[in-house]
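Chain residues, written in single-letter form:
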Amino acid sequence: MFGFLINPSKFNKFADIILKPLILLCSVILIAGLILVYLSPLDYQQGLTVKIMYIHVPSAWLALLTYSIMTIYSVIGIAFKMPFSFIVNKAVAPIGAVFTLICLISGSLWGKPIWGTWWVWDARLTSVAILLLIYLIIIFLDKTFENKEVREKTTAIFILIGSVNLPIIKFSVDWWNTLHQPASVSKLSSPSIDISMLQPLLVMTIAFSLIGLIIAILRIKAEILIRKNR
Amino acid sequence: MFFIKKIFLFFKRELKLFFRNIVSIFSNILFFFLSIFIFVFALGADEQNLKSIGLGIIWSLLVLSSTLSLRKFYEEDFNNGVLVIIHMRGISYELIVFLKILSHFLFVQVPFLISIPVASLLFNLPIYEVYNLIFTFIIGSLILSCLSSMSASMNLLNKANFSIGGIIVLLFSVPVIIFSVGINEVDSDFKSLINILIGMALIFLGISPWASAAFIKLALRNK
Amino acid sequence: MLLINNLSFFRDDNIIFENLNLSLGNGQITQIRGKNGSGKTTFLKVILNILSSNTGEIIWEGQNVKKNIFKFYNEITYIADHNTSSRELSILDNIKFWKGLSSSNLSDDKIFSLLETFNLKKYLNTEIMYLSSGEVKKLELLRIVLEQKKIWVLDEPYNHLDDSSAEILNQTFVDHTNNNGIILFASHYNPLISKLEILDFN
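Residues numbered from 1 in each chain as written. Chains lettered and ligands numbered in written order. Predicted model: local features only at pLDDT ≥ 70, side-chain atom pairs only at ≥ 80, totals over all residues. Heavy atoms only, no water.

Digging into the overall build of chain B
Stage number 1. Each helix and strand in chain B was counted, giving 11 helices and zero strands.
Stage number 2. What you see in chain B, going N to C, is helices and strands ordered as α-α-α-α-α-α-α-α-α-α-α.
Stage number 3. A compact globule built from 223 residues should have a C-alpha radius of gyration of about 17 Å, and chain B, at 18 Å, falls within 12% of that.
Stage number 4. Counting the 223 residues in chain B, one finds 55% classified as buried.
Stage number 5. Pairs at least 24 residues apart make up 82% of the contacts formed inside chain B by residues separated by at least 6 positions.
Stage number 6. Put simply, chain B shows about 9700 Å² of open surface, and 74% of that area lies on carbon and sulfur atoms.
Stage number 7. Separation between the mean location of the 16 positive side-chain charges and that of the 11 negative ones in chain B comes to 21 Å. (Helix = DSSP H or I, 4+ residues; strand = E, 2+ residues; numbered from the N terminus. Rg over C-alpha atoms; globule rule 2.2 N^0.38 Å. Buried < 20%, exposed > 50% of the residue type's maximum accessible area, 1.4 Å probe, protein only. Contact = heavy atoms within 4.5 Å. Areas by Shrake-Rupley, 256 points an atom, 1.4 Å probe, with all protein chains shown as cover. Lys, Arg positive; Asp, Glu negative; His and termini not counted. Charge placed at Lys NZ, Arg CZ, Asp CG, Glu CD.)

Structure, rendered in structure tokens:
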């Protein structure tokens, strides 16, 4: 049933079915999300700049999600020797890098009016910047080695070693006193974010993940084709 | 009995190679001192200023200098096949890596210890900072040796992109520097930070033989 | 008795060799002959388990070698096609290292006389990097006698050797087979050994 997650030909078949509805769904949700963002209330302190959040937070979540997916696929790839997982790693890494970059740039733009500075060396910001560096190293490692097996396995092991950064990012706001605000949505019992802001945020997150998913599907399909024709 | 003799022989060989290569190790130390001079020229010779940032500069330059000897870690033994021959005489790759890390620690990192008091003198560091520096460097350099081992074995077949090995060491040396330099902050708890450093060293000593051996086997398969 | 059953090796879907069967009995000397790139070195590496085969098994004394690889290695001397000696150490240091590592009990006099026959004794304390490639190769080949193992696996042993040294090598091979040793080597040179068996890789 979930064979499309590990088998290239099944993945191709599944992707062909799902791609067009996915694009349609994504555009609908993205438009709905943008409208919701437009209608959402202004913050009484921050004014209009609070709307940067609707880009900043989803891209941060997706940067982490992408890395987690790569970690899972690396484990699968090393343990069960499945070539598809290396295809996924290669296809998905630039997407994660772009999400991290969007997160950092939007955060920087947000920080200037609120904190009065483009950049502070606080734990959350620094660990996300290191995540970007890790993504870049993964992309470079993939271009470094001539031999296919070495390239794939080295990248996969590096992804595994680099995954220690994920909990550091997640808990950096709890472990160190930082300027960055602590988690406000994931506190399930009582989210400290107002429902009128939570709704557009969640819709935008779904839209962002669909965009990421569509690009990932296209990139994986392209990578499968390249390998077939080599 | 034979096994211990083999390990002893391995160290004897490393020691001989160390004495043949002693110039390159002192070149690393020279690089370290020259970088300190460059820093002082670039920042200006204001004594108070240098005193406050001296420790950080010394630590970052120590990390940078330790990436210089990265390519010597396995490359020669790998290229001429000594690793395979030693393995065929009954020592697993994991143990070879472990011994290599220890010998790198003893023969490459420990010589740096003689440079630390001199460097601290140049920055007029207070005496307790020098003690802390020496103490944290002994533990931190063991972690650096583990990191160098992983990075060097990862790049055994990398013939084009030399800098990526150093980048990987620098990336993972970030926590080492955070905790080592953090010891000197006023409100920090010396004991707990030292425990964290020792814990990290033990974790890396556990991980890196496994990871490096996996990389070495991978490289041998595709040599 | 070294048995090789149904051995195959692929590299990125290219077949290097397939369904290879070979048995090496005591006192047998086998040469692998083939063009450049025909997979001679790869075959030796598969036998030594440096590369793992895609199908088939290697059996030493009735047991698959993968079950107890170090027991198998303990019977083998492997001479690669490149120099294994450390460039920065002297001949004596290298010999001491190899000898200790393989726990051989060859007497020092014997080693010196071997060095004498190969004309290396005058360089005893010279670093390897100052020797010529033929001399380094001779030092490498010294290991087959030095390590006192039963199976000799050699890759291109005749490279860089002059005629008289090649003659000494042939004589050493014959002596070893008379002592029930097993020799497997890859070369494109045709040595004059009477009971040589040939495995053609072309």
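Overview of the interface of chain C and chain B
Stage number 1. With 29 residues of chain C in contact, the opposing surface of chain B contributes 28 residues.
Stage number 2. Both faces considered, chain C and chain B share a buried interface measuring about 2600 Å² in area, 61% of it formed by carbon and sulfur atoms.
Stage number 3. Its largest share of buried area at the contact with chain B, chain C owes to Glu88(C), Phe97(C) and Leu101(C), together 26% of the area lost on that side.
Stage number 4. For the interface between chain C and chain B, the tally reads four salt bridges.
Stage number 5. The interface formed by chain C and chain B contains nine residue pairs in polar contact (both at pLDDT 80 or more). (Buried area = accessible area lost by both parts, 1.4 Å probe. Salt bridge = Lys/Arg side-chain N within 4 Å of Asp/Glu carboxyl O. Polar contact = N/O pair within 3.5 Å; in protein donor to acceptor, adjacent residues only side chain to side chain.)

Digging into the interface of chain A and chain B
One widely used convention gives an interface's size as the accessible area the parts lose upon coming together.
Stage number 1. With 17 residues of chain A at the interface, the matching set in chain B holds 17 residues.
Stage number 2. Across the chain A/chain B interface, buried area totals approximately 1600 Å², and carbon plus sulfur atoms make up 82% of it.
Stage number 3. Remark: the boundary between chain A and chain B carries one salt bridge.
Stage number 4. Here Glu149(A) makes a salt bridge to Arg221(B), at a shortest N to O gap of 3.1 Å.
Stage number 5. Counting across the chain A and chain B interface gives four residue pairs in polar contact (both at pLDDT 80 or more).

Description of the sheet that holds strand E7 (residues 151-155) of chain C
Residues and elements named next belong to chain C.
Stage number 1. Taken in spatial order, the five strands make up an open sheet running E6-E7-E8-E3-E9, and their pairing is parallel. Looking at strand neighbours, the two that pair on one side only are strand E6 (76-79) and strand E9 (196-200), the edges of this open sheet. When strand polarity is set aside, the average angle formed by the axes of neighbouring strands in this sheet is 15 degrees.
Stage number 2. Across five bridges, the pairing between strand E3 (residues 29-33) and E9 is parallel. In the strand pairing of E9, Arg 33 is matched with Asp 200.
Stage number 3. The sheet strands contacting helix H6 (residues 163-178) are E3, E7 and strand E8 (182-186), and the helix crosses E8 at an angle near 145 degrees. (Pairing = 2+ DSSP bridges. Axes fitted to C-alpha atoms, helices over the stretch in contact; angles between N-to-C directions.)

Notes on the arrangement of the chains
Stage number 1. Counting contacts across all two pairs of chains found in contact, the highest total belongs to chains B and C.
Stage number 2. As for chain C relative to chain A, no contact occurs, and the smallest C-alpha gap between them is 9 Å.

A look at the pairing of strand E1 (residues 2-11) of chain C
All names here are of chain C.
Stage number 1. Pairing of E1 with strand E2 (residues 14-24), which is carried by seven bridges, proceeds in the antiparallel orientation. The residue of E2 that forms the bridge with Ile 4 is Leu 22.
Stage number 2. In textbook terms, the turn of a hairpin is the stretch between consecutive antiparallel strands, and for E1 and E2 this stretch comprises two residues, one of which, Asp 12, has a positive phi near 50 degrees.
Stage number 3. Here E1 runs beside strand E4 (residues 55-60); their pairing, made up of five bridges, is antiparallel. Following the sheet pairing, Ile 4 is matched in E4 by Ile 58.

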